[in-house]
Number of protein chains: 2
Amino acid sequence: MKKLKIAMLGFGNAGQAFAKMLELKRKEIIACYNVDVQVVAIATGTKGTIIDLDGIDLLKVCKDVESYGKFTPGTKGLTHADSLFVVKHVDYDLAIELTPLNIFTGQPAIEHIKNAFLRGKHVVTANKGPIAWAFRELKEMAETQGSMFFYETTVMDGTPVFNLREHTLKMCKVTQVSGILNSTTNYILEELAAGKEYDQVIAAGKKAGFIEADPAMDIQGYDAAAKITALLNVLMDADITPDKVDREGIENITVQDIKDALARGKVIKLLCKGEFAKDELAKDELAKDEASTKTTEDGISNKPIVLASVKPVLIDKNDLLASIDGTSSVVSITTDLMGKISVVEHAPEIEQTAYGVFGDLLRVLEGLK
Amino acid sequence: MKKLKIAMLGFGNAGQAFAKMLELKRKEIIACYNVDVQVVAIATGTKGTIIDLDGIDLLKVCKDVESYGKFTPGTKGLTHADSLFVVKHVDYDLAIELTPLNIFTGQPAIEHIKNAFLRGKHVVTANKGPIAWAFRELKEMAETQGSMFFYETTVMDGTPVFNLREHTLKMCKVTQVSGILNSTTNYILEELAAGKEYDQVIAAGKKAGFIEADPAMDIQGYDAAAKITALLNVLMDADITPDKVDREGIENITVQDIKDALARGKVIKLLCKGEFAKDELAKDELAKDEASTKTTEDGISNKPIVLASVKPVLIDKNDLLASIDGTSSVVSITTDLMGKISVVEHAPEIEQTAYGVFGDLLRVLEGLK
């Protein structure tokens, strides 16, 4: 039986849920793939780091974190090493990147992933930063190094978006992507529409865990911008970064705006969107006609430019988008051959994030065959 | 370069659209798969049959059918052979089943597919009859014969449903399936809700091509029952037939029912649904606890029973299902690991049916590698 050694970088709620799912499915994985999957390292910023090449007892460390908020003294392999040390020096096959996101840089996740690739290791990331800020570079590194690189969880948890395109929409060219991808703003807009006060909504949302301590990244549209960037980089080969997104948050939406919309049978939603620039599309068609080539003489790609936006928009109450409520989200993908389809994730829990990582792990196992 | 020879059974709108898509993508297929795909036979009931092992000129025969409604005299290889003869005797690698559906028997499609498998040929079907009436038998035949068998198009055209589960929800156990799958009834209910008269709706729908000459199969829920059966047979291994579905059409829905619903903020939709019988689920859990076995001593499968229904139900106007209008459709899949997700097909054209068949062809090409 083969062995796959995992280094987990980060061990928050999603990491713990993934660890439990892995334990639950350990036997099934062995039966399906004939691979014994073991977590040999868990590196965290605040809970400590464990390195144990014999395999970490995941249920025990989950219990410790639940009880004490950190790994407990006496845990075999407990060290002070940081995540970069683990990435660079521990003997693992697959790094799972789950560290906290810096939405303005994608770090330190990008650095972790690069160092894993430099060692020829495989990477699964649930962190959207690297896909939003450095996708093409990382993808090319993975190809050069013969590493597998999966990132389904970075947008809409384990809901198939990237895999949907890769495995079920073969030979389709994606021409437009749109969606409601930030649940905090969706929740706030909904509660305001229901007549609640802004401060009251924020307070209740924080209490329920829908809204973060500092919700500015959500309210100003930064989170949504990172998500649409990740989608466009993967689905449309856009090669953009979040700062290129035409971004407008919901901070200037008033209760009166929402009331006015309702009176017209509409709701306000923070919509993410990306599509080819129109004249660029025309140029692309022209290039195709001329020489069936997409590369200019000096080797610079002549691909059409993708325009991305995040904006509050008026949505008809009967539209699918209007029905996306609470923590649900949706992405719509338009392609040349298959028209428009949408995928909706309904009221996800942390297990759906864990499944995204777990599904990518299964893809790594398949790739090892 | 390898060659893949296709026999098409049926050449209606979907078949013609598929033929055009195949021509459009011929070069790309060669570049991707190094396989030259040729249609060597097209068998139809009313347009004639063509058998030409050198490869049929698809654009020419599409043009002939558009102009004259049938293959024209002088077409190379034109014969009077019927589809069963083609399946049994022509030299092909892949049969594509596109013959008209008999919703009460699944024939003659089932017979076509069996005869293709008996010869060790691969099969792609867009015809839901075989998946609704004989899925397990056909699946087992394909496995025994080493044949590939794909059927994405049978529900919601090329929208990924079966491939979604197979390729993007690995190791997930499907626990519930629901959806709005019949666009004729959806259209009728919508138009009635908009205040139109029943006869007027039917006449307009027929004119627009949404409603068939005899819409009884749609209105009485037979089409929806066949679709939910196909979904459950594949996604939940239900092993049922459409006559086992607890079926109620929209024939008894009155305009008053619709008005009453609207007054309560609801709409009426013909909902398809399938889930495990509750006490059967408990039995299944028990069996797992006892012996981790699902087979009784005499070899009879002890799998939980799947209950299927097609019924008009009241849906809240804010619900996703209420937003599914026109010819759009939706399927929601609930699994143990990934919660509930939905896939929506928006206003499909015949190209989306063609893409379903085309996508399955690409899977066959991949399987040949």
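Quick summary incoming for the structure in this document. (Residues numbered from 1 in each chain as written. Chains lettered and ligands numbered in written order. Predicted model: local features only at pLDDT ≥ 70, side-chain atom pairs only at ≥ 80, totals over all residues. Heavy atoms only, no water.)

Things to note about the interface of chain B and chain A
Chain B puts 40 residues into the contact, and the matching count from chain A is 40 residues. Connecting chain B to chain A are 2 salt bridges. Between A:Lys170 and B:Glu366 there is a salt bridge whose closest N-O contact spans 3.1 Å. No other element matches strand 13 (residues 339-346) of chain B, which puts 8 residues into the side of chain B that touches chain A. Tallied by class, residues from the side of chain B that touches chain A come to 18 nonpolar, 11 polar and 11 charged. In terms of strand pairing, strand 13 (residues 339-346) of chain A meets strand 13 of chain B through 7 bridges, oriented antiparallel. (Contact = heavy atoms within 4.5 Å. Salt bridge = Lys/Arg side-chain N within 4 Å of Asp/Glu carboxyl O. Helix = DSSP H or I, 4+ residues; strand = E, 2+ residues; numbered from the N terminus. Nonpolar A, V, L, I, M, F, W, Y, C, P; charged D, E, K, R; others polar. Pairing = 2+ DSSP bridges.)

Overview of the relation of the copies chain B and chain A
Its rotation angle being 180°, the transformation that places chain B on chain A also includes 0.0 Å of axial translation and leaves an RMSD of 0.0 Å. What the superposition gives is, in effect, a two-fold axis relating one chain to the other. Closest approach to the rotation axis among the C-alpha atoms of chain B is made by B:Val343, whose C-alpha sits 2.3 Å away. Most of the interface of chain B is mirrored in chain A, where 100% of its interface residues are also at the interface. (Least-squares fit on C-alpha atoms with pLDDT ≥ 70 in both.)

Examining the packing of aromatic side chains
In this structure the tally under the stated criterion is 14 aromatic pairs over all chains. With a centroid separation of 5.0 Å and 75° between ring planes, the pair formed by A:Phe104 and A:Tyr222 is classed as edge-to-face. Of this pair, A:Phe104 sits in the loop between strand 5 (94-97) and helix 5 (109-118) while A:Tyr222 sits in helix 11 (residues 222-235), placing them 118 residues apart in sequence. Given the relative accessible area of 44%, A:Phe104 is considered partly exposed. Among the residues examined, A:Tyr222 registers a relative accessible area of 22% and is labelled partly exposed. With centroids separated by 5.4 Å and ring planes inclined at 70°, the aromatic side chains of B:Tyr151 and B:Phe162 adopt a geometry described as edge-to-face. Of this pair, B:Tyr151 sits in the loop between strand 7 (149-150) and helix 6 (162-168) while B:Phe162 sits in helix 6, and the two are 11 residues apart along the sequence. This pair shows no difference in class: B:Tyr151 is buried, exactly as B:Phe162 is. Through a chain of ring-to-ring contacts, three or more aromatic side chains come together here, namely A:Phe117, A:Phe135, A:Phe149, A:Tyr151 and A:Phe162. The cationic tip of A:Arg247 hangs over the ring face of A:Tyr222; the distance from NZ or CZ to the ring centre is 3.9 Å. (Phe/Tyr/Trp six-rings, centres within 6.5 Å; stacked < 30°, edge-to-face > 60°. Buried < 20%, exposed > 50% of the residue type's maximum accessible area, 1.4 Å probe, protein only. Lys NZ or Arg CZ within 6 Å of the ring centre and 35° of its normal.)

Re the environment of B:Ile350
Residues and elements named next belong to chain B. Checked against the element boundaries, Ile 350 lands in helix 13 (residues 350-368). The exposure class assigned to Ile 350 is partly exposed, which follows from its relative accessible area of 34%. Each C-alpha atom of the pair Ile 350 and Ala 14 lies 6.0 Å from the other, and the pair is 336 residues apart in sequence. When residues no more than four places from it in sequence are discounted, the contact partners of Ile 350 are Asn 13, Ala 14 and Ala 17.

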